[in-house]
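Results of the structural survey
Here is how the chains run, residue by residue.
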Amino acid sequence: MDLGVRWKLHGDGRTPAPGAVVRPDERLSWPRTVGLGAQHVVAMFGASFVAPVLMGLDPNLAIMMSGVATMIFLLATRGRVPSYLGCSLSFVGVAAVIRAQGGTSATVTGAVLVVGAVLFLVGLLVQRFGAHIIHAVMPPIVTGAVVMLIGFNLAPVTASTYWPQDQWTALLVMLFTGLAVVGLRGFWSRIAIFLGLVFGYGLSWACDRVFGKIHSVDASGRLTDHWRLDLSGVSKADWIGLPSFHGPTFQWSAVLVALPVVIALVAENAGHVKAVGEMTGHRLDDQLGTAISADGVASVLSTAVGGPPNTTYSENIGVMAATRVYSTAAYWAAACFALLFGVCPKFGAVVAAIPGGVLGGITVILYGMIGLLGAQIWSNARVDLRNPLNLVPAAAGIIIGVGNVSMKFTDHFSLSGIALGTLVVITGYHALRAFAPAHLKQQEPLLDEGTSSYDAEAERTQP
């Protein structure tokens, strides 16, 4: 059986020939391949470490399981779809809602485990019946609205939890990160979030040395004098050791909050497979179901031991587009690096010490970008928002999700926020479509338009 773990040497093994690309089944020399693997790890650092911190999960375990998830994905797709799987930001809002309802880390991972299992089943259905079944249930208007409400539902987390801890640091980090995203080129623009974290880390340390302690709310919400950057946990952490594992617990209320994220994950995977296919020049539509299933299996495995869910990372697509190297050997190297970082508790302690003000500046941009991916789905699919069949369910669902509207059905069961907003978008769209006149039911493009669009040539010609 071909598992995609054999690679032919590309040319002289140094650089791609003019106009050529290093295909998934090829590689450069091993030192260069290992170096590219390290570059992929750096590219995913920002989101892959911020996400577990925001979800209240162990960052060491997150990075370790991202390496395991990447290996599972590469084996499942037999090396045809180069990809790194890291912690999914789509679940940050879900984790915040579950914790606000009194849930623990075990409750969060239990709810997300169910989402991973559902994602696996969706992948099997796509393998069996084709991508058109996704379109039948989740046309772009539905998918875009759900992704949008998931992202914008996070706004209160930034406003009430992170930003008040150090508003001036948050403001400066926001400005620096925005300038990095827009002003930098190629690889450096892809790691702008990571650069923002490094800048904020250094700024917080400098402010502590110059101004002393800050009088503001701390991470627990108490108004007190505290250091912006507390590194006491770093000195106590070991250099080598296993991360903290824990089992999941299951609550229906938490599961219902998390289930809508399945839609976002399907969209992310579809966009990723399409983008990679376009860049490599090989149609990968037949791999969509496999990619979705592999993502589901990886997320189930990660959350079963207390880690976060995983998804394909667009940051790493950017690295491939900039380098023209699509070799899966580089991703195997990246996965091995991730496993090594995962067994270094001191490294995780450095990540866990990220100041709240820094997270405030980062999340202002990050959460907004998640929400606006929904608008990108609409734009790519040319969704007509003048059509009331599209406008009405999307508008209602987004307001319910962003405003955290709640509906109480019994003393022990209610729906609110993300879960209720998603339900309104999906059921509202299909119910209205059943009664809509024929001229409002014009066919929309497939979901395969995805959440990401990359022009490899444009990446190569950037100054």
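Scroll up for the structure.
Residues numbered from 1 in each chain as written. Predicted model: local features only at pLDDT ≥ 70, side-chain atom pairs only at ≥ 80, totals over all residues. Heavy atoms only, no water.

1. What about the overall build of the chain?
- A tally of regular secondary structure across the chain gives 21 helices and eight strands.
- Relative to its 463 residues, the chain shows a buried fraction of 56%.
- Across the chain, contacts joining residues at least 24 apart in sequence account for 79% of those joining residues at least 6 apart.
- For the chain, the exposed surface amounts to about 19500 Å²; the carbon and sulfur share of it is 65%. (Helix = DSSP H or I, 4+ residues; strand = E, 2+ residues; numbered from the N terminus. Buried < 20%, exposed > 50% of the residue type's maximum accessible area, 1.4 Å probe, protein only. Contact = heavy atoms within 4.5 Å. Areas by Shrake-Rupley, 256 points an atom, 1.4 Å probe, with all protein chains shown as cover.)

2. Observations regarding helix H14 (residues 288-304)
- Taking 1.5 Å as the rise per residue, H14 with 17 residues should run 24 Å; its terminal C-alpha atoms sit 24 Å apart, in good agreement.
- H14 sits mainly inside the fold: 13 of its 17 residues count as buried.
- One or two residues past the end of H14 sits Gly 306, with phi positive at roughly 105°. (Expected span 1.5 Å × (residues − 1).)

3. Some details on the pattern of salt bridges
- Applying the stated criterion to the full structure yields five salt bridges.
- The salt bridge involving Asp 25 is made with Arg 23; its shortest N-O contact spans 3.6 Å.
- Given the relative accessible area of 30%, Arg 23 is considered partly exposed.
- Look at the salt bridges and you will find they share partners, linking Arg 23, Asp 25 and Glu 26 into a network. (Salt bridge = Lys/Arg side-chain N within 4 Å of Asp/Glu carboxyl O.)

4. A closer look at the nonpolar core
- Residues Met 55, Val 92, Val 266, Ile 292, Tyr 367 and Trp 378 are the most contacted members of the largest nonpolar core, which totals 101 residues.
- With ten residues, helix H13 (residues 261-280) is the largest single contributor of residues to this core.
- Among the nonpolar cores identified, the runner-up in size contains five residues, and Leu 28, Leu 36, Val 325 and Ala 330 belong to it. (Core = buried A, V, L, I, M, F, W, Y, C linked by side-chain atoms within 4.5 Å.)

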